[in-house]
Amino acid sequence: AAIAGLAEPANALADTIAEDGLKTWARAEAFRLMLTPENPQPADEAAMEIPTDAKRLKAGHAWMRLWLARHNARVSGDRSKEQLTVNAWTAGTMRPVGLIGVALGLQDRP
C-alpha cells in the first residue's frame with residue numbers, strides 16, 4: 001500500500017500491530033516507502049507524531065525523522081533551510097538523526 005502511495009491503508013495495517021515499537025517502525029517504514037525520488041513534494045512532519053517524553057521514543061520515530069529530513073533535503077537542495085528545520089526539533093533526541101538525514105539527502109541530489 002505504501003509503495004502505491006496509499007498512506008491510509010498502510011497506516012491502518014500498521015495500527016493492527018499490538019507492540020508499540022513494532023507499530024511505530026511499521027508506520028515509519030510505510031512513510032519511507034512513499035518518499036521516492038519521483039515524489040517532488042516535501043514531506044510533512046505531521047505524518048507521524050513524535051512523543052515529547054524521550055522515554056516513549058521508539059527506533060521507528062528516529063527512522064521516520066531520518067527519512068523525512070533526507071527526502072526534504074533531496075527535494076529542496078537547501079542545506080541551511082533544512083538544518084534550521086531540524087534544529088527546531090527536540091535537542092538530544094531527533095536532532096542528530098535529522099542532521100544525518102539532511103547530509104544524506106544532499107548527497108542524493110542528482
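Residues numbered from 1 in each chain as written. Predicted model: local features only at pLDDT ≥ 70, side-chain atom pairs only at ≥ 80, totals over all residues. Heavy atoms only, no water.

**With respect to the overall build of the protein**
Looking only at helices and strands, the protein has 5 helices and 0 strands in total. When the helices and strands of the protein are placed in sequence order, the string is α-α-α-α-α. What you see for the protein is a C-alpha radius of gyration of 14 Å, in line with the 13 Å of a compact globule of 110 residues. Overall size of the protein, expressed as C-alpha extent along the three principal axes, is 40 × 35 × 20 Å. Within the protein, buried positions represent 35% of all 110 residues. Residue pairs in contact within the protein that sit at least 24 positions apart in sequence constitute 61% of those at least 6 positions apart. (Helix = DSSP H or I, 4+ residues; strand = E, 2+ residues; numbered from the N terminus. Rg over C-alpha atoms; globule rule 2.2 N^0.38 Å. Buried < 20%, exposed > 50% of the residue type's maximum accessible area, 1.4 Å probe, protein only. Contact = heavy atoms within 4.5 Å.)

**Description of the nonpolar core**
The biggest cluster of nonpolar side chains holds 19 residues, and the ones touching the most others in it are F31, M64, L68, W89 and M94. Counting residues per element, the ones that place at least two in this core are helix 2 (20–33), helix 3 (59–76) and helix 5 (95–108). Counting residues per element, this core draws most heavily on helix 3, at 7 residues. (Core = buried A, V, L, I, M, F, W, Y, C linked by side-chain atoms within 4.5 Å.)

**Quick word on the packing of aromatic side chains**
Applying the stated criterion across every chain, the model contains 2 aromatic pairs. Here W25 and W63 contribute two aromatic rings whose centre-to-centre distance is 5.3 Å and whose plane-to-plane angle is 20°, an arrangement assigned as stacked. With W25 in helix 2 and W63 in helix 3, this pair connects stretches of sequence that are 38 residues apart. The exposure class of W25 is partly exposed, given its relative accessible area of 36%. Looking at W63, the relative accessible area reads 27%, which means it is partly exposed. Ring centres of W63 and W67 lie 5.9 Å apart, and the angle between their planes is 70°; this geometry places the pair in the edge-to-face category. In this pair, W63 and W67 are both assigned in helix 3, 4 residues apart and thus about one turn of the helix distant. Chaining the aromatic ring pairs together yields one cluster made of W25, W63 and W67. (Phe/Tyr/Trp six-rings, centres within 6.5 Å; stacked < 30°, edge-to-face > 60°.)

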